Structures are given as structure tokens and as C-alpha cells.
Amino acid sequence: MIILVVNAGSSSLKYQLFDMDKELVLAKGLCDRIGLPGSLIKHKTFDKRSAEKEIEMKNHKDAIAALIRVLTHEEYGVIKSLDEISAVGHRVVHGGEKFFKSVILDDEVMKAIKECVELAPLHNPPNITGIEACQHIMGNVPQVAVFDTAFHQTMPQKAYIYALPYEYYQKYKVRKYGFHGTSHKYVSERAAALLGSPYDKLKIVTCHLGNGSSIAAVDCGKTVDTSMGFTPLDGLPMGTRCGTIDPAVVTFLMNKENMSPEQMDTIMNKKSGVLAISGVSSDFRDLDNAVAQGNERAALALEVFAYSVKKFIGAYACAMGGLDVIVFTAGIGENNPQMRKNICAGLEFLGVEIDDEKNAERGFEIDISTEKAKVRTLVIPTNEELAIAKETKKLVSC
Ligand code: ADP
């Protein structure tokens, strides 16, 4: 079964084509600068053929048409015709309270996704545009929506209700949703498989640490709490996002600096995080380099990050009444041994202990704990696209 996975942003569209019988990526690529001058497609196949070409893509329909052309191209293609694609899986950021699992798209589902636009004004509209473009170009091929929020819909009320006037929850659905759900689900399931333990018996803290970072408490296969909130701004300090701060700081700074809500929003989303603390970069590799040259603010930014992750791990161990597994994933979680070490330092009282030699490995699934550690600490590369393809296969095969 061949499945196309689409992740549509406002001016870009990422795709991967899977042969799900072998769980093999046949081709992947990116349509970039959609609707802008100099739009281009970058494409790579499993057998290392690649193409990069400027093509006029005025909108997402043009992008889908372009990716179908390259997928079926004589020289760069991996399939003969569009008919070989059995289904399309779409990443959709926000499913609100309606969607607690992936669904096959129909008119009713589309309407519900559109109702969630208010909750994710930057993300859901391009996701919807991507779906509509596929429906237009690919006709009756089944399409599936896989939501970033869905996995966290198992949170109990005590974890997702904010202590704000209850009417705002009723009127505007202001509550914690959490994001990166596809990744938290994928790595927590892989953790259970890797350990050979039943998923529904484990207490797992999953740490998705990338440009955007979030942590989830996965108790017996269900999220019971997660660090991102109503939006992906909450929780950990990130590359450029502030994470949790005293909410009174927002109105204080708006008054002091005479800022509009939009300006304050930009400060918190784009000009904060480790970028702001360090004054150097949002990228942890740049921060490591700066620290090596004696930059104290870069060192402080890394300390703030590690401290925050450590506190969430502790809090979630308490929330679950125990801890069996910690999983590190995403750019930083997978590739930054020093950060993993700093996060785990001091967690010995919980039973966490990592082995420096194993911790130095990268690029594959590995248990980095010492043999005697009570808590297994794992590094598991995330694979959101494969997770979307699996969900899609499961739904269309029913
Ligand atoms: P996004 O949230 O944009 O998907 P990523 O998961 O790619 O982000 O994570 C980006 C972060 O991961 C950056 O801070 C970067 O320093 C770090 N990172 C990514 N790849 C590597 C690598 N090979 N070595 C060290 N750090 C890496």
C-alpha cells in the first residue's frame, strides 16, 4: 500500500511517499516559497536520485500538482501513476476537543477542522488549504487527518482546566490542549516495544526537544499531562518561545513598552527563549559553540533549559505516581548528549542514571541507562511522517 503524507504550512509543503508494505520511504521533498517569487521543489528518492527545480507554484494546488509530477517523473519518479497512491495522510495541528484520534476526511470533518481555525489561526488554515488542494487534484483518493492535539485528549479535566473564569472555557474553549501528540505517541509506543514491556503498564515521560519543545506524561498508554497549553507557547523555554512565565509580566511589559497584543505576541513567540537569554542564537549547536568560547549568557540559556526540563520530569513523575521510562527525542533530544546528561543529573533519587558511553551514541534507538538504573532512559528518533502513514493505513484498511 502506497501512502502520501502531507504537511502543509503557509508557504511550504513537505511530503513523503511511503511503501507501507515495507515501511519504506520511496521519496520525500519540499515545495517551498509557495505563492512567492522563486518557488521551488526539492525532491529525493530512496535510491538517492534528487532534483531541485524552480517551478511557479501560485498556490497549494500548484504544489500538489508539482509533487505528483515529480513522483511520477520518468527520471526522478518512484511510481508510474497517481493511481498507485492508496491514501493521503495530512498533518493537522489543531483538532480542538472534537478529535481524540485520526479520522477519514469528509465534509463534516472538514467543517469541524475549520471550526478549530480560531484555536490555531497560523496553522490550521494552511493545513486545510493542503487538504483541499489534494482533494481537488487527487479526486477520490481517501484522505486522513492526523492531529497534533489528538493524543493529549485523554488528559483529565484537572490537568487541562485553567484557573480562569469558567465561562471562557465554555465560550471560547480556552484550556490546555498540548501539541506534538503524534511524536509523543510514536516514541512512547516505540519505548514499550523496545523494552518488551506492555504499553498499558508503563509510566513514561516523553521529552520532545527541538526548536519547539514539549514534554508529556504518558501513563499506561494515555497522556495525563503535557507541557504545551492552549497554544504551543506554553511550557519549556524553546528556541525563540518564552514558555511558562508569570502571566502578569505580559500586561506589565505591554504597559511599559506601549506594545500592542500583536507586538507582545511576537516578542513571546519569536524573540524570547534561549535566543533571548543568550543573545546568540536559537540553535543549540550555536549555543554550545558560544559556551566553548566562554559566553556566559549562552551557558545560562542552556542551564535554564535543562532546569526546566528536569522540573517537568519531576512533576510528571509525581502526576503519575511513579516513573518507569524517560524518552528523549527530536533535534536536541536525539543529538545533544551533554544536554541529556545535564537534564538527568540530580535525578538519581528517582532512579535515573545514564551511562556516559551509551549516551554518546546517536542516530538510532538506544537505552542509555546504566544497568542498575531503576528508570530506563531511552533515545528514540521521532518519525512523525511514518506515524501519520501508519494511522492512515490503519484507517483506510478498516
Ligand atoms: P523543529 O522543532 O524545527 O523540528 P528540530 O527537532 O530539528 O526542530 O530541532 C532543532 C534543534 O535540534 C536545534 O537547536 C539544533 O541545535 C538541534 N539539532 C538538530 N540536529 C542536530 C545535530 N545533528 N546535532 C546537534 N544538534 C542538533
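Everything numeric here is computed off the predicted structure, so don't read it as measured data.

1. Details of the pairing of strand β14 (residues 376-379)
Moving on, step 1. Residues Arg376 and Leu378 point to one face of β14 and Thr377 and Val379 to the other, with burial holding for every one of them.
Moving on, step 2. Two strands pair when backbone bridges link them, and strand β12 (residues 325-329) and β14 are joined in this way by four bridges, in the parallel orientation. By the bridge assignment for β14, Val325 is matched with Arg376.
Moving on, step 3. One ladder, built from two bridges, connects strand β13 (residues 366-367) with β14; its direction is antiparallel. Bridge pairing links Asp367 to Leu378 in β14.

2. Thoughts on the domain arrangement of the chain
Moving on, step 1. Once the domains are mapped, the chain shows domain 1 (2-147) and domain 2 (197-384).
Moving on, step 2. Averaged C-alpha coordinates put domain 1 and domain 2 at centres separated by 29 Å.

3. Brief notes about the site of the ligand
Moving on, step 1. Near the ligand, the surroundings consist of Gly210, Asn211, Gly212, Asp283, Phe284, Arg285, Ala330, Gly331, Ile332, Asn335 and Arg362.
Moving on, step 2. In the model, an oxygen atom of the ligand is placed 3.3 Å from a nitrogen or oxygen of the Gly212 main chain.
Moving on, step 3. Contact distances for the ligand include 3.2 Å between an oxygen atom and a backbone N or O atom of Arg285.
Moving on, step 4. A total of 570 Å² of accessible area belongs to the ligand in isolation, and the protein chains cover 66% of it.
Moving on, step 5. Mapped by element, the contributors of at least two residues to the shell around the ligand are α10 (284-292) and α12 (330-335).
Moving on, step 6. The element best represented in the shell around the ligand is α12, accounting for four residues.
Moving on, step 7. Here the shell around the ligand is composed, by residue class, of three nonpolar, five polar and three charged.

4. Quick notes on the sheet that holds strand β10 (residues 213-219)
Moving on, step 1. Read across the open sheet, the six strands follow the order β11-β10-β9-β12-β14-β13; overall the sheet is mixed. Whereas interior strands pair on both sides, the edge strands pair on one side only; in this sheet they are β11 (222-226) and β13.
Moving on, step 2. Judged from the seven bridges that link them, strand β9 (residues 203-209) and β10 form a sheet pairing that is antiparallel. Each bridged residue has a counterpart across the sheet, and for Leu209 the counterpart in β10 is Ser213.
Moving on, step 3. Across the sheet, helix α6 (residues 181-195) is in contact with β9, β10, β12, β13 and β14; its angle to β9 comes to roughly 130°.

5. Topic: α6
Moving on, step 1. Between the first and last C-alpha of α6 there are 21 Å, a value that for 15 residues agrees with the 21 Å anticipated at 1.5 Å per step.
Moving on, step 2. Turning to α6, its buried residues number three or more, namely Gly181, Thr182, Ser183, His184, Tyr186, Val187, Ser188, Ala191 and Ala192.
Moving on, step 3. One or two steps after α6, the chain reaches Gly196, where phi turns positive at roughly 65°.

6. Observations concerning the environment of Gly279
Moving on, step 1. Considering the arrangement of structural elements, one finds Gly279 in the loop between α9 (273-278) and α10.
Moving on, step 2. Look at Gly279 and you get exposed, because its relative accessible area is 55%.
Moving on, step 3. Not counting residues within four places of it along the chain, the set of residues in contact with Gly279 comprises Val274 and Arg297.

Calculation criteria
- Residues numbered from 1 in each chain as written.
- Predicted model: local features only at pLDDT ≥ 70, side-chain atom pairs only at ≥ 80, totals over all residues.
- Heavy atoms only, no water.
- Buried < 20%, exposed > 50% of the residue type's maximum accessible area, 1.4 Å probe, protein only.
- Helix = DSSP H or I, 4+ residues; strand = E, 2+ residues; numbered from the N terminus.
- Pairing = 2+ DSSP bridges.
- Domains from an automatic or database assignment.
- Near = heavy atom within 4 Å.
- Polar contact = N/O pair within 3.5 Å; in protein donor to acceptor, adjacent residues only side chain to side chain.
- Areas by Shrake-Rupley, 256 points an atom, 1.4 Å probe, with all protein chains shown as cover.
- Nonpolar A, V, L, I, M, F, W, Y, C, P; charged D, E, K, R; others polar.
- Contact = heavy atoms within 4.5 Å.
- Axes fitted to C-alpha atoms, helices over the stretch in contact; angles between N-to-C directions.
- Expected span 1.5 Å × (residues − 1).

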